[in-house]
Amino acid sequence: MIFAIEEINNSTKLLPGINLGYQIYDSCVAVPVSVHVAFQLSNGQDPVFNKPGNCSQSGVIAVVGDSGSTPSISISRIFRSFKIPLVSPFATCACLSDKQQHPTFFRTIPSDQFQADGLAKLVKYFGWTWIGAVRSDSDYGNYGMASFLDAALREGICVEYSEAFYRTDPPSKIKRVADVIRSSTAVVVVAFASSGDMKFLLEELARDPPPPRQWIGSEGWVGDPYLLSFSFCAGAIGVAIQQSVTPGLRDFLLDLSPSEVIASSVLTEFWEDAFNCSLTKNPDLSKKLCDGTEDIQKLRSPYTETSQLRINNMVYKAVYAIANAIHNAVCEKTNGNTQCDKHIILNPKEVFTELKKVNFSQNGYHVSFDVNGDPKAFYELVNWQKSESGVLEPVTVGYYDASLPVGQQFHINGNLTWVEGDTQVPVSVCSKSCSPGTRKVLQKGKPICCYDCIPCPEGEISNMTDSPDCFPCPEEFWPNSQRNKCFPKPVEFLSFDELLGIILAIFSISGAFLAVTAAAVFIYHRTTPIVRANNSELSFLLLFSLTLCFLCSLTFIGAPSEWSCMLRHTAFGITFVLCISCVLGKTLVVLMAFKATLPGSNVMKWFGPLQQRMTVVCLTLIQVIICTLWLVVSPPFPMKNLTTYKDKIILECALGSAVGFWAVLGYIGLLAVFCFVLAVLARKLPDNFNEAKMITFSMLIFCAVWITFIPAYVSSPGKFTVAVEIFAILASSFGLILCIFAPKCFIILFRQEKNTKKFLMKKN
């Protein structure tokens, strides 16, 4: 501050011909001392400021200070009544931006609100969602941490603990805070504290170093070179006041004479600490007397390394801000020359008014205030890195500019080192991220960052990390095994490519081949008694219908289409009715034949070949009418069955009209039962080769198959429904051909001695 004032007093551009007077007080960062000084300055009658002939009668017109937020709050409330502007270089509490409470307060350091937002964004930037927090138990720490916690909540960051401490707290309390840090699970610790408070906490932690912790620091301590001795804080990162070099400051600081040092209690304390000697007559027994050989030019300390004295630039800008305000109030430019009124009695209110309007640059650093008395928020990102010699040093690795648009505020342009010198960003989360295919479920009684990862339920997926919910796949899609993607469901139907379809097709073709073979045998031996005795016309028609029955089962195999769905059910219904009509006709012929042997009976003339044909045609025509009505009203159609299986689509033929389907089956069943009853009645008629016995067995098999078909058809899932239907068709068809035609073919081919009229007419 003295350097800046002397530089201004020697300037020919700023306040030419006017010297600024000053008085420096040490508040010891104590509120009572600060308040006492504030009242003393507010009097305006201190003789220090009223040396006749040397100083104006203006009194105190502006104050630089205090460095702490809590003292600044108290001082500002006193000065507001007198309109005395207070420009602080280091009081960062966001509460000081409240112009209702602190109307005359200005500062050259950004408000903690910007710093808190920046720290929260920094934590979020590196993916840390589970952190610990410690703070100074002061207005700086409490207000700053409150702002940070609000910003962290908006960023989705959870805080495991938040502890407050102060340098004057009992050692037991500071130890308790240290133990909380040691026992916590959060790797990242955000410390919103002053360097004086932080020193006590780090000293306590150094006694029993905690597990590796990644420290995130506020500007109150992360830029303090005196804390770099705590090696376990290597890798710490935080926001710091912009590093600067003030031309001439280093030479000014090194130009100290012993008399100047002894005259100042502050310089005396510095000198004794820097050279470990005593300037007083009653020296400390642990220190030697200073003998005058101490050379400050050779001293290596933060005092002489002025580029690291970040706070000094804030003081420098505060002094220049007041000087520019005074200049604007007392000076004016006429004809290119600046004229200042040296005798004006300037009051603080005028300086306060001009301070709100200052806008200048000094040594490349811009100075202005917004409506809240705050400057533009710009911080450097500082990383504590070990040098080649193994000593910690703060390295600027980027910046945070709150005036830039969101997303561009952070800029990292250097390589960072982390806790324990690692080059990989440490992980600090309460729960690991939930991978795609799972969803987050909050743990009861814990913050939102603590959750369990639950696999998505069946049929649902999540395709992003940390998904809060799973969502179902579209109707025709199904998740993969990881449940992070939806794939089309496999389409299933009874095809010719699978084993079951091949087996059924072989049996179907084999049955048709048997029917054709039997027909060929009958045609070749059509003049033999056994063929002629068994109504060869109906036998050939029956074999033809059985061939169609076997072949129609092939329409049930393969992908259903609109035509195949209509064909398979109607062809099956009509061919089976044709088949059973022929069997029914043969049964009636047997009954009528034996009735005709009775004396005076002329039954056969009423059931001759024409009547037999008409019976078959009429019975079949009824089924044709039923099928036609079914196809016209509500025909079968191909459909995708999505309900039987969740993970696949069954391509099948819907019945269209269930009434039509069961009417077709019902009519077949009615004819089969009627035929079975007639065959049972005719089975004991006297004949060596009574065909009614074979018809009875065939109808018994037929009825048994179709009775068991109904529950099997209803309960079979998917393509097995079709397989059951094919099996029923084939089983009943094989039953008919084996029971009715196999014995006849056996006699024709292998027992020709029985293929005579005499044998057939022989009574049992």
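Because the structure is predicted, anything quoted here is derived from the model rather than measured. (Residues numbered from 1 in each chain as written. Predicted model: local features only at pLDDT ≥ 70, side-chain atom pairs only at ≥ 80, totals over all residues. Heavy atoms only, no water.)

## Looking at the overall build of the protein chain
A tally of regular secondary structure across the protein chain gives 21 helices and 26 strands. Its C-alpha atoms give the protein chain a radius of gyration of 53 Å, clearly above 27 Å, the size a compact globule of 764 residues would have. Summarising its shape, the C-alpha atoms of the protein chain cover approximately 170 × 60 × 40 Å along the three principal directions. The buried share of the protein chain, taken over its 764 residues, is 49%. Considering only contacts in the protein chain between residues 6 or more positions apart, those separated by 24 or more positions represent 66%. (Helix = DSSP H or I, 4+ residues; strand = E, 2+ residues; numbered from the N terminus. Rg over C-alpha atoms; globule rule 2.2 N^0.38 Å. Buried < 20%, exposed > 50% of the residue type's maximum accessible area, 1.4 Å probe, protein only. Contact = heavy atoms within 4.5 Å.)

## Focus on the packing of aromatic side chains
Enumeration according to the criterion identifies 24 aromatic pairs in this entry. Between Phe230 and Phe232 the ring centres are 6.1 Å apart and the planes differ by 65°, which places this aromatic pair in the edge-to-face class. Taken together, the ring pairs in this structure connect Tyr125, Phe126, Trp128, Tyr400, Phe410 and Trp418 into an aromatic cluster. Sitting over the ring of Tyr645, Lys648 keeps its end group 4.2 Å from the ring centre. (Phe/Tyr/Trp six-rings, centres within 6.5 Å; stacked < 30°, edge-to-face > 60°. Lys NZ or Arg CZ within 6 Å of the ring centre and 35° of its normal.)

## Topic: the pattern of salt bridges
Tallied over the full model, the rule gives 14 salt bridges. Between Glu354 and Lys357 there is a salt bridge; the shortest N-O distance is 3.6 Å. Given the relative accessible area of 16%, Glu354 is considered buried. One salt bridge in this structure joins Lys648 and Glu492, with 3.0 Å as the shortest N-O distance. (Salt bridge = Lys/Arg side-chain N within 4 Å of Asp/Glu carboxyl O.)

## Describing the sheet that holds strand β4 (residues 130–136)
Pairing is mixed in the open sheet, where eight strands are placed in the order β5-β4-β6-β7-β8-β15-β16-β17. Strand pairing shows two members of the sheet lacking a second neighbour, β5 (158–165) and β17 (410–412), which therefore form its edges. Each adjacent strand pair in this sheet contributes to an overall mean axis angle of 25°, direction not counted. (Pairing = 2+ DSSP bridges. Axes fitted to C-alpha atoms, helices over the stretch in contact; angles between N-to-C directions.)

## Side note on the nonpolar core
Ranked by size, the top nonpolar core spans 70 residues in total, and within it Phe572, Phe702 and Trp706 carry the most contacts. Those elements giving two or more residues to this core turn out to be α13 (499–524), α15 (536–552), α16 (562–596), α17 (609–633), α18 (658–682), α19 (691–715) and α20 (719–750). Each residue touching Phe572, except ones within four places of it in the same chain, is listed here: Cys552, Phe556, Leu567, Leu665, Ile668, Trp706, Glu725 and Ile729. Counting 45 residues, the second largest nonpolar core, distinct from the first, contains Leu15, Val87, Tyr303 and Val351. (Core = buried A, V, L, I, M, F, W, Y, C linked by side-chain atoms within 4.5 Å.)

## A short note on the packing of α13 against α20
The description of two helices packed together rests on the angle between their axes and the distance between the axes. At a minimum axis separation of 10 Å, α13 and α20 run at an interaxial angle of 25°. With respect to α20, the axis of α13 lies roughly parallel. As for how α13 packs across α20, the hand of that crossing is left-handed. Across from Leu500, Leu504, Phe507, Ser508, Gly511, Leu514, Ala515, Ala518, Val521 and Phe522 in α13, the residues of α20 making contact are Phe720, Ala723, Ile726, Leu730, Phe734, Ile737, Phe741, Lys744, Cys745, Ile748 and Leu749. Class assignment of the residues belonging to the contact of α13 with α20 gives a composition of 18 nonpolar, two polar and one charged. (Parallel < 35°, antiparallel > 145°, perpendicular 65-115°, else oblique. Left-handed = near helix turned anticlockwise from the far one by under 90°. Nonpolar A, V, L, I, M, F, W, Y, C, P; charged D, E, K, R; others polar.)

## Some thoughts on empty space enclosed by the protein
Applying the stated criterion to the full structure yields one cavity of 30 Å³ or more. Computed from the structure, the largest cavity encloses a volume of approximately 30 Å³. No other element matches strand β26 (residues 649–654), which puts three residues into the lining of the largest cavity. Partitioning the lining of the largest cavity into residue classes produces seven nonpolar, one polar and two charged. (1 Å grid on protein atoms, 1.4 Å probe; cavity = no way out; pocket = protein on both sides within 12 Å on 5 of 7 lines; lining within 4 Å. Points joined across faces, edges and corners; volume = space filled by probe spheres on them.)

## Looking at the packing of helix α4 (residues 112–125) against helix α5 (residues 139–154)
Between α4 and α5, the least distance of the axes is 8 Å, while the angle of their chain directions is 45°. With respect to their mutual orientation, α4 and α5 come out oblique. In this structure, α4 meets α5 at a crossing whose hand is right-handed. From α4, Asp112, Gln113, Gln115, Ala116, Asp117, Leu119, Ala120 and Val123 reach across to α5, where they touch Tyr140, Gly144, Ser147, Phe148, Ala151, Ala152 and Arg154. Tallied by class, the residues present in the contact of α4 with α5 amount to eight nonpolar, four polar and three charged.

## Notes on the sheet that holds β26
With respect to topology, three strands assemble into an open sheet ordered β24-β26-β25, the strand pairing being mixed. The open sheet terminates on both sides in strands that have one partner only, identified here as β24 (491–492) and β25 (637–641).

## Some words on the state of the cysteines
Counted by the stated rule, this structure contains nine disulfides. Paired through a disulfide, Cys93 and Cys95 show a sulfur-sulfur distance of 2.4 Å. On the sign convention where negative means left-handed, the S-S torsion of about 130° between Cys93 and Cys95 marks this disulfide as right-handed. Cys95 shares its class with Cys93; the two are buried. The disulfide bridge from Cys473 ends at Cys486, spanning 1.9 Å between sulfur atoms. Residues Cys473 and Cys486 are joined through a disulfide that is left-handed, its torsion about the S-S bond being -85°. A residue pair is termed long-range when its members are at least 10 positions apart, and Cys473 in the loop between β21 (471–472) and β22 (477–479) and Cys486 in strand β23 (residues 486–488) qualify at 13 residues. Given the relative accessible area of 11%, Cys473 is considered buried. (Disulfide = S-S within 2.5 Å.)

## A look at the pairing of strand β6 (residues 188–192)
Taken across its five residues, β6 has five buried, putting it largely inside the fold. Both faces of β6 are covered, namely the face carrying Val188, Val190 and Phe192 and the face carrying Val189 and Ala191. Pairing geometry for β4 and β6, over five bridges, is parallel. When the sheet's bridge partners are listed, Ala133 is paired in β6 with Val190. Two elements, β6 and strand β7 (residues 214–217), share four bridges in a ladder whose sense is parallel. The residue of β7 that forms the bridge with Ala191 is Gly217. Taken together, β6, helix α7 (residues 195–207) and β7 form a β-α-β motif whose crossover is right-handed. (Right-handed = clockwise from strand over helix to strand, strands pointing away.)

## Some points on the pairing of strand β14 (residues 365–368)
Pairing analysis gives four bridges linking strand β13 (residues 359–362) to β14, with the strands arranged antiparallel. From the neighbouring strand, Gln362 faces β14, where its bridge partner is Tyr365. Connecting β13 to the antiparallel partner β14 that follows it, the hairpin turn spans two residues, and Asn363 within it adopts a positive phi of roughly 55°.

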